[in-house]
Amino acid sequence: MRKSKNNPILLYKTQGEEIPEIKKDDFLLGIMNSFQKKMLLDLGNDRVCLDSTHGITNSGFELVTVLVVDKYNEGVPVAFLITSTVNTINLSKFFTAIKTALEVNLTPKAFMSDDACMFYNAWQAVFGPCVNLLCSWHVDRAWQGHLNGIEENKKKALYHTLKTLMYELEEGKFQGMLSEFLMQLHEDSDTLTFAQYFEANYSGRTKLWANPVSYCGPLSQASTSTVEIELATVEIPQSSFIVEENKLKIKCIAAKLENITTMDEEKSRQIKAHLYAIEHLLSVPDSKNQPPIPKDQKLEPANKKAEK
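All values reported here derive from a predicted model rather than from experimental measurement. (Residues numbered from 1 in each chain as written. Predicted model: local features only at pLDDT ≥ 70, side-chain atom pairs only at ≥ 80, totals over all residues. Heavy atoms only, no water.)

S.K.: Quick question: what am I supposed to make of the overall build of the protein chain here?
M.R.: The secondary structure content of the protein chain amounts to twelve helices and nine strands. Of all intrachain contacts in the protein chain linking residues separated by at least 6 positions in sequence, the fraction that spans at least 24 positions is 57%. Summed over its atoms, the accessible surface of the protein chain is roughly 16,500 Å², and 52% of this surface lies on carbon and sulfur atoms. (Helix = DSSP H or I, 4+ residues; strand = E, 2+ residues; numbered from the N terminus. Contact = heavy atoms within 4.5 Å. Areas by Shrake-Rupley, 256 points an atom, 1.4 Å probe, with all protein chains shown as cover.)

See the structure below:
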C-alpha cells in the first residue's frame, strides 16, 4: 500500500519505533488523499491555515489539520496529522512528507495558526518564510484568560476595547486607540499586570493580529486579513483517539458548536460535515458506546438540538 501512487498515508511511525530525531515513544500518522492533494496544489499558494486540538482529549493524542481557503472563502481540510506529541520536529516531518507528496514547493501569501511558534517555525523550515498571522479565536481566548481576576465591569470594558482594536480597519485610528488603551492600562493598578502581558505579547506584534496592518500590508491586493481567514477556518471540532496495540481507532465526537455564539446554521453543518469526512477517510469502525450515524440523518446545529 505504501508504494501505491494514491496511497493517502504520508507518514507513519508507531510508538516504540526508532527514527532519527523523533522520540521513540512518539506516534505519527499523516494523511492526505488524492482530492486533498489536488486542493492543496490548487489553493496552497494563497492561504494556508493550521489548527490543532491542543490536548483536549484524555487519550494523549492530538489532531493537527492543514486547511486552505477556496474561492467561496471556505476552509478546506487538505491534510491531517494524528500524533502523540505536537512539536517543531514532528510538525517538520509532517510538512516534509506533504512537500514530498506534492513534488513542488508551496509559497502561500499567508500562514495562519495560533500563537505557538512551533507551527510557523516548522512550516518555514520546510516551505520557506511567508506572512504569519495569528488565529483571532486563539488570541481572543488568550485575552479572556488573562482578564480573569479583574473586576467584572472593568473587565467587560477592557474586553470591548480589545475587540474594537482587533477589528478596526483604519490604521491611523487603530494606532491612536492602541496608544490610549496602553496608557489607560498603566494608569490603573488593577490592570497593570494585564498591561505588562499585553505589551510583552501583542502591542509589539500588531502585524500578526491587527486587521489594519493586514489590510495595508503585502496582502492587501489579495484582500487577505485575519478577519477573512478566520471566517474561512473555524476551529476544527474536538476529536478523541484510542490506540489499541498496533491499531489506531479514531472516533470524532460532535463539535461543541453551542460555545461558538457567532456561528450560523450553515457553518454548523459545514463543521459537522468535516467531522464525518474525517471518520469516512479513516474508515473508523463504530464504537460500542456510540451508535452509527444513519446516512440519511439530517445534520442539525447543536443549538437547535439543545432547544428540543
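Anyway, onward from the coordinates.
S.K.: So what exactly am I meant to see when it comes to the pattern of salt bridges here?
M.R.: Two side chains that carry opposite charge are able to pair once their charged atoms sit near each other. Under the defined criterion, the tally for this structure stands at eight salt bridges. One salt bridge connects Lys-93 with Glu-21, and the closest N-O pair in it is separated by 3.5 Å. Here the residue Lys-93 occupies a position in helix 2 (residues 88–102), and Glu-21 occupies one in the loop between strand 1 (9–13) and strand 2 (28–31), the gap between them amounting to 72 residues. For Glu-21, a relative accessible area of 59% corresponds to the exposed category. Two residues, Asp-188 and Lys-154, come together in a salt bridge whose shortest N-O distance is 2.9 Å. Here Asp-188 is found in the loop between helix 6 (171–187) and helix 7 (192–203), whereas its partner Lys-154 is found in helix 5 (residues 152–167), with 34 residues between them in sequence. (Salt bridge = Lys/Arg side-chain N within 4 Å of Asp/Glu carboxyl O. Buried < 20%, exposed > 50% of the residue type's maximum accessible area, 1.4 Å probe, protein only.)

S.K.: Would you mind going over the packing of helix 4 (residues 136–147) against helix 7 with me for this structure?
M.R.: Each pair of packed helices gets described by two things: the angle between the helix axes and the distance between those axes. At a minimum axis separation of 10 Å, helix 4 and helix 7 run at an interaxial angle of 155°. Here helix 4 lies roughly antiparallel to helix 7, going by the angle between them. Seen along the crossing, helix 4 lies across helix 7 with a hand that is right-handed. Contacts between helix 4 and helix 7 involve Val-139, Ala-142, Trp-143, His-146 and Leu-147 from the first element and Phe-194, Tyr-197, Phe-198 and Tyr-202 from the second. A per-class count over the contact of helix 4 with helix 7 returns eight nonpolar, one polar and no charged. (Axes fitted to C-alpha atoms, helices over the stretch in contact; angles between N-to-C directions. Parallel < 35°, antiparallel > 145°, perpendicular 65-115°, else oblique. Left-handed = near helix turned anticlockwise from the far one by under 90°. Nonpolar A, V, L, I, M, F, W, Y, C, P; charged D, E, K, R; others polar.)

S.K.: Is there a simple way to think about the pairing of strand 7 (residues 131–134) in this case?
M.R.: For a regular strand, side-chain orientation follows a simple rule: the groups alternate between the two sheet faces. The pairing of strand 6 (residues 110–113) with strand 7 spans four bridges and is classified as parallel. Looking at the pairing, Phe-111 lines up with Asn-132 of strand 7. Handedness of the strand 6-helix 3 (residues 117–127)-strand 7 crossover: right-handed. (Pairing = 2+ DSSP bridges. Right-handed = clockwise from strand over helix to strand, strands pointing away.)

S.K.: What's the story with the confidence of the model for the protein chain in this structure? I'm lost.
M.R.: Per-residue pLDDT for the protein chain has a mean of 74; in total, 65% of the residues score no lower than 70. Within the model, pLDDT remains below 50 along residues 212–263, and this stretch shows 132 contacts once partners closer than five positions in the same chain are excluded. Low confidence marks residues 279–308, where pLDDT is under 50. Its contacts with residues over four positions away, or in another chain, come to 37 contacts. (pLDDT = per-residue confidence, 0-100.)

S.K.: Looking at this structure, how should I read the nonpolar core?
M.R.: Most often, soluble globular proteins have nonpolar side chains that are buried together. In terms of nonpolar packing, the biggest core is built from 34 residues, with Val-66, Leu-91, Phe-94, Phe-95 and Ile-98 touching the most fellow members. Those elements giving two or more residues to this core turn out to be strand 1, helix 1 (34–43), strand 3 (47–52), strand 4 (62–69), strand 5 (75–83), helix 2 and helix 3. If you tally residues by element for this core, the top one is helix 3, at seven residues. Residues in contact with Val-66, not counting those within four places in the same chain, are Val-48, Cys-49, Leu-50, Val-76, Pro-77, Val-78, Ala-79, Phe-94, Phe-95 and Ile-98. Among the nonpolar cores identified, the runner-up in size contains 22 residues, and Ile-150, Leu-162, Phe-174 and Phe-194 belong to it. (Core = buried A, V, L, I, M, F, W, Y, C linked by side-chain atoms within 4.5 Å.)

S.K.: How should I be thinking about the packing of aromatic side chains in this particular structure?
M.R.: Any two aromatic rings considered together are summarised by their centre-to-centre distance and by the angle between their planes. Throughout the structure, instances matching the rule amount to 18 aromatic pairs. On the numbers, 6.1 Å between centres and 70° between planes, the contact of Phe-198 with Trp-209 is edge-to-face. Of this pair, Phe-198 sits in helix 7 while Trp-209 sits in helix 8 (residues 206–209), and the two are eleven residues apart along the sequence. The same class applies to Phe-198 and to Trp-209, which are both buried. Among the aromatic residues, those joined into a cluster by ring pairs are Trp-143, Phe-174, Phe-181, Phe-194, Tyr-197, Phe-198, Tyr-202 and Trp-209. (Phe/Tyr/Trp six-rings, centres within 6.5 Å; stacked < 30°, edge-to-face > 60°.)

S.K.: Would you take a moment to explain the side chain of Thr-83 for this structure?
M.R.: Tracing the sequence through the fold places Thr-83 in strand 5. We classify Thr-83 as buried; its relative accessible area is 0%. A polar contact is formed between the side chain of Thr-83 and the backbone oxygen of Phe-27, at a distance of 2.9 Å. Look past the residues within four positions of Thr-83 in its chain and what remains in contact with it is Phe-27, Leu-28, Gly-60, Phe-61, Glu-62 and Asn-90. (Polar contact = N/O pair within 3.5 Å; in protein donor to acceptor, adjacent residues only side chain to side chain.)

S.K.: Whenever I open this one, helix 5 confuses me. Can you help?
M.R.: Within an α-helix, residues lying three or four positions from one another point in the same direction, as the helix has 3.6 residues per turn. The terminal C-alpha atoms of helix 5, which comprises 16 residues, lie 23 Å apart, in line with the 22 Å expected from a rise of 1.5 Å per residue. When we look at burial in helix 5, the residues that qualify are Leu-158, Leu-162, Leu-165 and Met-166. The arc that holds the buried residues of helix 5, viewed along the axis, is 100°, so those residues lie on one side. Residues of helix 5 that are exposed and point over 90 degrees away from its buried face: Asn-153, Lys-156 and His-160. Two or three places before Asn-153, at the opening of helix 5, Glu-151 has a side-chain oxygen 3.2 Å from that residue's backbone nitrogen. (Expected span 1.5 Å × (residues − 1). Arc of directions from axis to C-beta.)

S.K.: What is the right way to look at helix 6 in this model?
M.R.: Under the 1.5 Å per step criterion, the end-to-end length of helix 6 is 25 Å for 17 residues, consistent within 8% with the ideal 24 Å. Listed in full, the buried residues belonging to helix 6 are Phe-174, Leu-178, Phe-181, Leu-182 and Leu-185. One side of helix 6 holds all its buried residues, which, seen down the axis, span an arc of 100°. Looking at helix 6, the residues exposed on the side facing more than 90 degrees away from the buried face are Gly-172 and Glu-187.

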